[in-house]
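Structure at a glance
Listed here are the chains, written in short residue letters.
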Amino acid sequence: MKKIAVFGSEGSFGAIAAKKYMEKTEEKCRICYFQSVNQVIVSLIKECELAVLPIENSSDGFVHIVLDMLLKDDIYVVGEISLPVEFSIVGNVDKKEEIKKLFVKYKIEEQCKKVIEQFENCELLITESNSESIQRVNYGIDGEAAIVPKHISRSKGDFRLHIDDVVDGEKNETKFLILTGKHIKNSKTKKEKSYVVIEDAIDRKEALNEVLTHFMDYDVTLNSIISRPTKLKNGKYHFFIEIEGDCYKDNNVKTALDIISANHKIKLLGAFDTIN
């Protein structure tokens, strides 16, 4: 049986995304849980055939650490899943004004800023995972509370305070990538989307203008583009680009990439479908 690496624990959004992938593809896998993005990537290289990692949140933007990890050798995208993300406040208090300590996973802090700003007189404690947040408040200490995913807030403890839907914005989604260590070029069917990286672009403005011009010349639609510093030299960047079309089978996409590759190093991260 294949193994699929997930960042987090049972009940995490990553685990939900992994189970949705298995349900939709009818592929049976054993879920392996890890407590950091780096551990997930190492496991994908050494022991797991697949991995699930968050790449973008509609409120918080791209997950930079995951983008940077995609530059490693032998990591490719084979699928994409979006999940609605809802959060609740649970706590050992009778009303929210009594909260003295609030445990929040580091990424959730960015998605619930407006709510957190209401707690002016409480101590904000950043955790590494939702599991840690719920565990800390489960100790039952008066005055302590946590912001955790809505789907686990009622299953992991009996709390005096429970407030649902505390995320900023009306609709909050997180996009997850399904990753593999195999470069799959010869899929039988044409895929919906592709991820590519333009590596080591020296002048960001001029390089970006050049890349965009070539894509536009061949009517290639870009869903997103984000730059990341190479961390080797000031002024050098990587461009992560999501393209509408198959980078292996769509002639317009292939031609545009061939032209761009004359002046820039390109890594094809894979072609894939969105799993609904």
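Residues numbered from 1 in each chain as written. Predicted model: local features only at pLDDT ≥ 70, side-chain atom pairs only at ≥ 80, totals over all residues. Heavy atoms only, no water.

Structural notes on the overall build of the chain
Assigned secondary structure in the chain consists of nine helices and 15 strands. Computed over the C-alpha atoms, the radius of gyration of the chain is 21 Å, within 12% of the 19 Å expected from 2.2 N^0.38 for a compact globule of 276 residues. Taken over the C-alpha atoms alone, the chain extends approximately 65 × 45 × 35 Å along its principal axes. Surface accessibility of the chain: about 14,100 Å² in total, with carbon and sulfur atoms responsible for 46%. (Helix = DSSP H or I, 4+ residues; strand = E, 2+ residues; numbered from the N terminus. Rg over C-alpha atoms; globule rule 2.2 N^0.38 Å. Areas by Shrake-Rupley, 256 points an atom, 1.4 Å probe, with all protein chains shown as cover.)

A short note on the packing of aromatic side chains
Per the stated rule, a full pass over the model turns up two aromatic pairs. Arranged with centres 6.1 Å apart and planes meeting at 85 degrees, the rings of F13 and F87 form a pair that is edge-to-face. Note that F13 is positioned in helix α1 (residues 13-25) and F87 in strand β6 (residues 87-91), a separation of 74 residues in sequence. The class for F13 is buried, based on a relative accessible area of 12%. Judged by its relative accessible area of 2%, F87 falls in the buried class. Between Y195 and F272 the ring centres are 5.5 Å apart and the planes differ by 20 degrees, which places this aromatic pair in the stacked class. Taken as a pair, Y195 in strand β12 (residues 193-201) and F272 in strand β15 (residues 265-274) lie far apart in primary sequence, 77 residues in all. Both residues of the pair, Y195 and F272, belong to the buried class. Cation over ring: K267 sits above Y76, and NZ or CZ is 5.3 Å from the ring centre. (Phe/Tyr/Trp six-rings, centres within 6.5 Å; stacked < 30°, edge-to-face > 60°. Buried < 20%, exposed > 50% of the residue type's maximum accessible area, 1.4 Å probe, protein only. Lys NZ or Arg CZ within 6 Å of the ring centre and 35° of its normal.)

Let's talk about the nonpolar core
Within the largest apolar cluster, 35 residues are counted, with the highest numbers of intra-cluster contacts made by F87, I89, I99, L102 and I147. Of all the elements, α1 adds the most residues to this core, at six residues. Those residues within four positions of I147 in sequence are excluded, and the remaining contacts are F87, S88, I89, L102, F103, V104, I108, C112, I116, N130, S133 and V166. Grouped together as the second largest cluster of nonpolar side chains are 28 residues, F62, Y195, V197 and F272 included. (Core = buried A, V, L, I, M, F, W, Y, C linked by side-chain atoms within 4.5 Å. Contact = heavy atoms within 4.5 Å.)

Observations concerning empty space enclosed by the protein
Across all of its chains, the model carries one cavity of 30 Å³ or more by this definition. By volume, the largest cavity is sized at about 40 Å³. What lines the largest cavity is simply I55, F62, L67, Y195, S224, I225, I226, F240, I241 and E242. Going through the elements one at a time, β13 (222-229) and β14 (237-244) are the ones with two or more residues in the lining of the largest cavity. For the lining of the largest cavity, the per-class residue count stands at eight nonpolar, one polar and one charged. (1 Å grid on protein atoms, 1.4 Å probe; cavity = no way out; pocket = protein on both sides within 12 Å on 5 of 7 lines; lining within 4 Å. Points joined across faces, edges and corners; volume = space filled by probe spheres on them. Nonpolar A, V, L, I, M, F, W, Y, C, P; charged D, E, K, R; others polar.)

Let's talk about the layout of surface pockets
Take a probe with the size of a water molecule and roll it over the atoms, and the empty space left behind shows itself. Put simply, the largest pocket is a space of about 450 Å³. Lining the largest pocket are 30 residues, with F7, F13, G14, K105 and N130 sitting closest to its centre. Of all the secondary-structure elements, those providing two or more residues to the lining of the largest pocket are α1, β3 (50-57), α4 (106-111), α6 (130-137) and β11 (173-180). Ranked by residues supplied to the lining of the largest pocket, first place goes to α4 with four residues. Residues belonging to the lining of the largest pocket are distributed by class as follows: 13 nonpolar, eleven polar and six charged.

Topic: the sheet that holds strand β9 (residues 144-149)
Backbone-to-backbone hydrogen bonds pair the strands of a sheet. The strands run either parallel or antiparallel. Pairing is mixed in the open sheet, where five strands are placed in the order β8-β7-β9-β6-β10. The open sheet has two free edges, formed respectively by β8 (123-127) and β10 (161-164), since each of these has just one partner strand. Averaged over neighbouring strand pairs, the angle between their axes works out to 20 degrees when direction is ignored. Contacts from α6 reach β6, β7 (101-105), β8 and β9, with the element oriented near 150 degrees to β9. (Pairing = 2+ DSSP bridges. Axes fitted to C-alpha atoms, helices over the stretch in contact; angles between N-to-C directions.)

With respect to helix α2 (residues 37-46)
Where α2 is concerned, the buried positions are V37, V40, I41, S43 and L44. Viewed along the axis of α2, the buried residues span an arc of 160 degrees, placing them on a single side of the element. Set apart from the buried face of α2 by more than 90 degrees, the exposed residues are I45 and K46. (Arc of directions from axis to C-beta.)

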